[in-house]
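Here's the letter readout for the chains.
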Amino acid sequence: MADEATNQELMDKLVSLCKRRGFVFPSSEIYGGFNGFWDYGPYGARMKRAIENLWWHEMVETRDNIEGLDSTIIANPTIWKASGHLDQFSDLMTDCKKCKARYRVDQMEDPTTCPACGSKEMTEPREFNLMMKTFVGPVFDDEHVAYLRAETCQPIFVDFNSVRVATRQKLPFGIAQIGKAFRNEINPRNFTFRSREFTQMEMEFFCDGEEGMKWFEYWKEQRLNYYRKLGFDDSCMRIYVHEKLAHYAKAAIDIEVKFPFGWGELEGVHHRGTWDLSRHSEFSGVDLQYLDHDNNRKLMPTVIETSVGLDRTMLALLSKAYDEDTAATKKEGKDEDVRVVLHLPPLVAPIQAAFLPQSKKLTENAYALYKSIDRYFRCEFDETGSIGKRYRRQDEIGTPFCVTFDFDSLNDNAVTVRDRDTMQQERVGITQLRDYIESRIGF
Ligand code: ATP
């Protein structure tokens, strides 16, 4: 219970920091918000983009056999018939007749009792489809219904042939996409963890079925290594192996990380067999088999999928990074009780280097230095308040390096770089500053 209280407290602090410092706040807040929708403020947008770029770099830019795609959110609705979403993408839900709260049955400890008010008057569980509906064209009738995509991978399967032909890729190869997905979640909760509009980063790897398990193991390891490099070790990351699999799937794992509310899925790695391309072949009438010229045979590619939520990645990074450092405050001669600091990996910190003139008299020189560096890193210039206050402001948003331009800088052509985590200060020559920051960002 004590743990639960602390975790709830951590979550509350995180939500409040995110709002106060412009990471994330409720969508349409002046109208009372909109359940399950979140806006990313200036620091949040920068961090989100940094994570996106990192994933894209890791999955697409640095690999010869992965191609990128940017497809539409709304597409021919038959896609969702073929994928099974229209018939099967649903959760069982139940309502409390007394307090009207609505729940997903699989998330309830006891589906006959309302967790909110304790009432035993629950409705019979009903199927609830998660697809978001809209209309395309001038008439709002059943023939014009379309859907906002529930996952970014289906257009990848649908565009498989076009991408293959355009790029002349041979098996095995992959197609990756980052984009919005929409699900009418019954019970959005845990901040951005379960939202109704969110961003997915998915990669579908097409291979010969005989090599399917080899590639499944390969991608599992690749993705685990990626998270290890972001600082998730065994104490805060684990694998959940699915025992109950979809009828077409050969293997599936979730990469789970520790959130303040407990362990939660961050990414899924799935062996999906030939299901996706077979279904789209069947429903479109277009043969999506691959012709292997080397062996002169046709085969339906097997798919290995890696699928991660961008919003969940950011929440996992922020939760892991949040710290209240009580020992450190005295070091810098401050009288506050705690130093709130986000120990974010420098690669994804919204601001990587803050430039602080020691005095307003040095603004011009410090600003010129800032402008010569801000094309290489995410930088910010801050000249208001004492240096100590400015350090604290930067700690709170996770800035790994604060660069102070002082009166000595005018003579020795060097600046003081203060490290967020150790609070150590180092004198660095201005001409070396770019290399210094770059070498410390790493990955
Ligand atoms: P869950 O079991 O948590 O509902 P899922 O198994 O339905 O998730 P997938 O369909 O495999 O999730 O989606 C892949 C990834 O997309 C998830 O691992 C997660 O990071 C992200 N994701 C899925 N649903 C949401 C949501 N409602 N809000 C934010 N991210 C989501």
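Check the entry above for the structure.
Residues numbered from 1 in each chain as written. Predicted model: local features only at pLDDT ≥ 70, side-chain atom pairs only at ≥ 80, totals over all residues. Heavy atoms only, no water.

## Things to note about the site of the ligand
Logical step 1: Close contacts around the ligand come from 16 residues, with Glu-185, Arg-194, Ser-195, Glu-265 and Leu-266 the closest.
Logical step 2: A distance of 2.9 Å separates an oxygen atom of the ligand from a polar atom in the backbone of Leu-266.
Logical step 3: Starting from 590 Å² of accessible surface for the ligand in isolation, the protein chains cover 84%.
Logical step 4: Elements supplying a minimum of two residues to the shell around the ligand: strand 10 (197-207), strand 13 (262-271) and strand 16 (302-309). (Near = heavy atom within 4 Å. Polar contact = N/O pair within 3.5 Å; in protein donor to acceptor, adjacent residues only side chain to side chain. Areas by Shrake-Rupley, 256 points an atom, 1.4 Å probe, with all protein chains shown as cover. Helix = DSSP H or I, 4+ residues; strand = E, 2+ residues; numbered from the N terminus.)

## A look at empty space enclosed by the protein
Logical step 1: What the rule picks out here adds up to one cavity of 30 Å³ or more.
Logical step 2: In this structure, the largest cavity spans a volume of roughly 30 Å³.
Logical step 3: Forming the boundary of the largest cavity are Val-24, Tyr-40, Phe-191, Thr-192, Asp-311, Met-314, Leu-315 and Leu-318.
Logical step 4: In terms of residue count, the dominant contributor to the lining of the largest cavity is helix 9 (residues 310-321) (four residues).
Logical step 5: Across the lining of the largest cavity, the residue classes tally to six nonpolar, one polar and one charged. (1 Å grid on protein atoms, 1.4 Å probe; cavity = no way out; pocket = protein on both sides within 12 Å on 5 of 7 lines; lining within 4 Å. Points joined across faces, edges and corners; volume = space filled by probe spheres on them. Nonpolar A, V, L, I, M, F, W, Y, C, P; charged D, E, K, R; others polar.)

## Details of the nonpolar core
Logical step 1: Core analysis: the biggest nonpolar cluster contains 57 residues, and Phe-23, Trp-55, Trp-219, Tyr-227, Phe-232 and Leu-318 have the highest contact counts within it.
Logical step 2: Beyond its immediate chain neighbours, meaning those up to four positions away, Trp-219 contacts Met-59, Arg-63, Ile-66, Met-203, Phe-205, Val-269, Ile-304 and Thr-306.
Logical step 3: Leu-362, Leu-369, Ile-430 and Ile-441 belong to the second-largest nonpolar core, a separate cluster that totals 21 residues. (Core = buried A, V, L, I, M, F, W, Y, C linked by side-chain atoms within 4.5 Å. Buried < 20%, exposed > 50% of the residue type's maximum accessible area, 1.4 Å probe, protein only. Contact = heavy atoms within 4.5 Å.)

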